[in-house]
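One-letter residues, chain by chain:
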There are 2 protein chains.
Amino acid sequence: MGLIETRILTDHVYETIKLMIRDGALRPGAKINKKELESQLGVSQTPINDALSRLAGQKHIEQRNRRGYFVRKYSCKELVDLFAARGAVEGMATRLAVENASDAEIEQITHFFAEVSFPLSEAAYHAYERTDREFHSLLIEYSRNAIIQEMNEQFGYIVRTATTGLVRPPDETIGEHRAIIAAIRDRNARLAGELMTEHHLRSRDVLVKDCRD
Amino acid sequence: MGLIETRILTDHVYETIKLMIRDGALRPGAKINKKELESQLGVSQTPINDALSRLAGQKHIEQRNRRGYFVRKYSCKELVDLFAARGAVEGMATRLAVENASDAEIEQITHFFAEVSFPLSEAAYHAYERTDREFHSLLIEYSRNAIIQEMNEQFGYIVRTATTGLVRPPDETIGEHRAIIAAIRDRNARLAGELMTEHHLRSRDVLVKDCRD
DNA sequence: TGTTTCGATTTTGTATACAAAAATGACAAT
DNA sequence: ATTGTCATTTTTGTATACAAAATCGAAACA
């Protein structure tokens, strides 16, 4: 690689594979071909194996005895479960954020979703998606809770790989988002947290219907 | 190393090291000596490296560039954060458990902490500790939420390694435990969940005081 | 006593080797 | 067409090798 090796090879391989999973180059359930990665990345078996073990530790991939590594595939039920878990974690994150954030940070959050008006153009729809992501990750950041942030890193990405776009349309979620923001503005930590939890649980309800049980 | 190799060596090494961390044979902050593990477990570098990478993926240990692996050491702040996170996750677990559990399972939960009376003998104190652990993990099991269960596996063990015994004395927590159980018996999912969350947040408040900030 | 220097030793990160298991695929028999 | 057999190829899990970096320790110095 570069002349100055700042990171070890394993780290590089690890992040490359992680991105390949997130961007769909490696699809859920797909077998991971080590030899291919080897020549593709120009490294030996060892860093590949290390990176794969690391990913297996994070359960992003799974090792099946004597047949190699496979990209983890989430069942419909697991996705439903994910939204309940996210509801719990982000609810608490929101509550803590309201308790800890500075006035300026609260002010900043207030501006999210301020100028959304319907009907949404194609571009505005995508902007809504982006704002949604930023809103949620900002609250997790402002929670200042290292464990919650770790949980989000571990489990938050699943939504990106396993679902496409928004679970519910903007005209259904905008009201909830604005209610959460109002509670944040009022520094009502408990209420803001509860609203966030219910927000996710409502998305969960939508996903449950899509599951063939 | 039996005649029939049912698990791969890496799995065996992984679990051995994990236990060594949980039982304190490898203390937080300690450097992990690969060569030593090699001869101790009678395997080559490779399975050791794979197991260590796996543990690093789970953040149980951390890899410092060119100086090896170290058992992760949790700061006081991180422990405080852990209890807020647990409050969120177990609160939701409790809520889901009440929604999903059968009558028999609810009945079973009702018996926890039933015959605790004060003052506690040494033995009764340890029994209380055990009941506490069982109570919490049973609720997580009965939540039937795979993601929450995974989160608990990843993060729940930290309490074992980083704290000794109970954070608060039984005579302080017994009331909270019984209130949670009462809400569960009444099938009041929301209330039971909230009480569980507050239960953990109160332990968190105790830990905050121990932190020199 | 307490530092600093510097060579010897250990450990790390990476590469390579290889037996055994699994996947593949051509061919034969239904 | 489907199924079964079995030799060939690929891949896996594990072991070993090795240059470069980090650590250690003793000697030299303050």
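Calculation criteria
Residues numbered from 1 in each chain as written. Chains lettered and ligands numbered in written order. Predicted model: local features only at pLDDT ≥ 70, side-chain atom pairs only at ≥ 80, totals over all residues. Heavy atoms only, no water. Helix = DSSP H or I, 4+ residues; strand = E, 2+ residues; numbered from the N terminus. Buried < 20%, exposed > 50% of the residue type's maximum accessible area, 1.4 Å probe, protein only. Lys, Arg positive; Asp, Glu negative; His and termini not counted. Charge placed at Lys NZ, Arg CZ, Asp CG, Glu CD. Near = heavy atom within 4 Å. Polar contact = N/O pair within 3.5 Å; in protein donor to acceptor, adjacent residues only side chain to side chain. Nonpolar A, V, L, I, M, F, W, Y, C, P; charged D, E, K, R; others polar. Axes fitted to C-alpha atoms, helices over the stretch in contact; angles between N-to-C directions. Parallel < 35°, antiparallel > 145°, perpendicular 65-115°, else oblique. Left-handed = near helix turned anticlockwise from the far one by under 90°. Contact = heavy atoms within 4.5 Å. Expected span 1.5 Å × (residues − 1). Least-squares fit on C-alpha atoms with pLDDT ≥ 70 in both. Salt bridge = Lys/Arg side-chain N within 4 Å of Asp/Glu carboxyl O. Buried area = accessible area lost by both parts, 1.4 Å probe. pLDDT = per-residue confidence, 0-100. Core = buried A, V, L, I, M, F, W, Y, C linked by side-chain atoms within 4.5 Å. Phe/Tyr/Trp six-rings, centres within 6.5 Å; stacked < 30°, edge-to-face > 60°. Lys NZ or Arg CZ within 6 Å of the ring centre and 35° of its normal.

Each helix and strand in chain A was counted, giving nine helices and two strands. Judged by the C-alpha coordinates and their principal axes, chain A covers about 55 × 45 × 35 Å. Counting only residues that meet the buried cut, chain A has 50% of its 213 residues in that class. Each charge class in chain A can be summarised by its mean position, and for the 30 positive and 32 negative side chains these summaries are 7 Å apart.

Residues in close proximity to DNA strand C total 17 residues, the closest being Leu9, Ser44, Gln45 and Thr46 of chain A together with Lys31 of chain B. The contact atoms of DNA strand C, taken as those within 4 Å of the protein, divide so that sugar and phosphate hold 67%. Between DNA strand C and the protein, one listed contact pairs a phosphate oxygen with a side-chain N or O atom of Ser44 of chain A at 2.6 Å. Of all the elements in the fold, those that place two or more residues in the surface near DNA strand C are helix H1 (9-22) and helix H3 (45-57) of chain A together with strand S1 (61-64) of chain B. Among the elements that make up the surface near DNA strand C, the one with the highest residue count is H3 of chain A (three residues). Here the residues of the surface near DNA strand C are counted per class, giving four nonpolar, eight polar and five charged.

Attention now moves to the environment of Gly42 of chain A. All names here are of chain A. Here Gly42 is to be found in the loop between helix H2 (34-41) and H3. The class of Gly42 is exposed, set by a relative accessible area of 62%. In this structure, the C-alpha to C-alpha distance between Gly42 and Ser102, residues 60 residues apart in sequence, is 48 Å.

What follows concerns the packing of H3 of chain A against helix H3 (residues 45-57) of chain B. Where H3 of chain A meets H3 of chain B, the axes come as close as 7 Å, and the angle between the chain directions of the two elements is 45 degrees. As summarised for this structure, H3 of chain A and H3 of chain B are arranged oblique, according to the angle between their axes. The chirality of how H3 of chain A crosses H3 of chain B is right-handed. Across from Asn49, Asp50, Ser53, Arg54, Ala56 and Gly57 of chain A in H3 of chain A, the residues of H3 of chain B making contact are Asn49, Asp50, Ser53, Arg54, Ala56 and Gly57 of chain B. For the contact of H3 of chain A with H3 of chain B, the residue count by class is two nonpolar, six polar and four charged.

On to helix H4 (residues 76-100) of chain A, then. Owing to its 3.6 residues per turn, the α-helix aligns residues three or four sequence positions apart on the same side. With 25 residues, H4 of chain A ought to run about 36 Å at 1.5 Å a step, and its terminal C-alpha atoms sit 36 Å apart, in line with that. Counting buried residues along H4 of chain A, 21 of its 25 residues qualify, which places the element largely inside the surrounding structure.

This part takes up helix H9 (residues 189-210) of chain A. Over its 22 residues, H9 of chain A extends 33 Å from the first C-alpha to the last, a length consistent with the 32 Å expected when each residue adds 1.5 Å. Along its buried surface, H9 of chain A packs onto H4, helix H6 (122-142) and helix H8 (170-185) of chain A together with helix H4 (76-100) and helix H9 (189-210) of chain B.

This brings us to the relation of the copies chain A and chain B. The two copies are related by a screw operation: chain A maps onto chain B through 180 degrees of rotation and 0.0 Å of translation along the axis, at an RMSD of 0.0 Å. Each copy turns onto its partner about a two-fold axis. Most of the interface of chain A is mirrored in chain B: 100% of its interface residues are interface residues there too.

A separate point is the pattern of salt bridges. In the structure shown here, the tally under the stated rule is 32 salt bridges over all chains. Between Arg72 of chain B and Glu78 of chain B there is a salt bridge, and its shortest N-O distance comes to 3.1 Å. By relative accessible area, Arg72 of chain B is classed as buried at 12%. Residue classification places Glu78 of chain B among the buried residues on the basis of a relative accessible area of 17%. Among the ionic contacts, a cluster of salt bridges with common partners joins Arg95, Glu99 and Arg190 of chain A together with Glu198 of chain B.

Moving on to the interface of chain A and chain B. Contacts between chain A and chain B engage 42 residues on the former and 42 residues on the latter. Together chain A and chain B conceal approximately 3,500 Å² of surface at their shared face, both sides included; 56% is due to carbon and sulfur atoms. It is Ile147, Glu150 and Phe155 of chain A in chain A that bury the most area against chain B; as a group they hold 16% of the surface buried on that side. At the boundary of chain A with chain B, the tally comes to six salt bridges.

Per-residue confidence for chain A gives a mean pLDDT of 93; residues scoring 70 or more make up 96%. In this model residues 1-5 of chain A is a low-confidence stretch, pLDDT under 50, and it forms three contacts with partners more than four residues away in sequence or in other chains.

With that settled, the discussion passes to the nonpolar core. Formed by 46 residues in total, the largest nonpolar core has its most connected members in Ile148 of chain A together with Ile148 of chain B. Sorting the residues of this core by element identifies H4, helix H7 (146-162) and H9 of chain A together with H4, helix H7 (146-162) and H9 of chain B as the ones contributing at least two each. Discounting chain neighbours no more than four positions away, the residues touching Ile148 of chain A are Val89, Met92, Ala93, Leu96, Ile140 and Ser143 of chain A together with Ala85 of chain B. Core analysis: the next-biggest nonpolar cluster, separate from the first, contains 22 residues, Ala101, Phe113, Tyr142 and Ile180 of chain B among them.

Per the stated rule, a full pass over the model turns up six aromatic pairs over all chains. A centroid spacing of 5.4 Å and a plane angle of 80 degrees characterise the contact between Phe113 of chain B and Phe135 of chain B, whose relative ring orientation is edge-to-face. Taken together, the residues Phe113 of chain B in the loop between helix H5 (103-110) and helix H6 (122-142) and Phe135 of chain B in helix H6 connect sequence positions 22 residues apart. Across the pair, Phe135 of chain B and Phe113 of chain B agree in class, each one buried. The residue whose ring lies beneath Lys31 of chain A is Phe70 of chain A, and the NZ or CZ to ring-centre distance is 5.8 Å. Here Arg54 of chain B stacks its cationic end above the ring of Tyr14 of chain B, 4.6 Å away from the centre of that ring.

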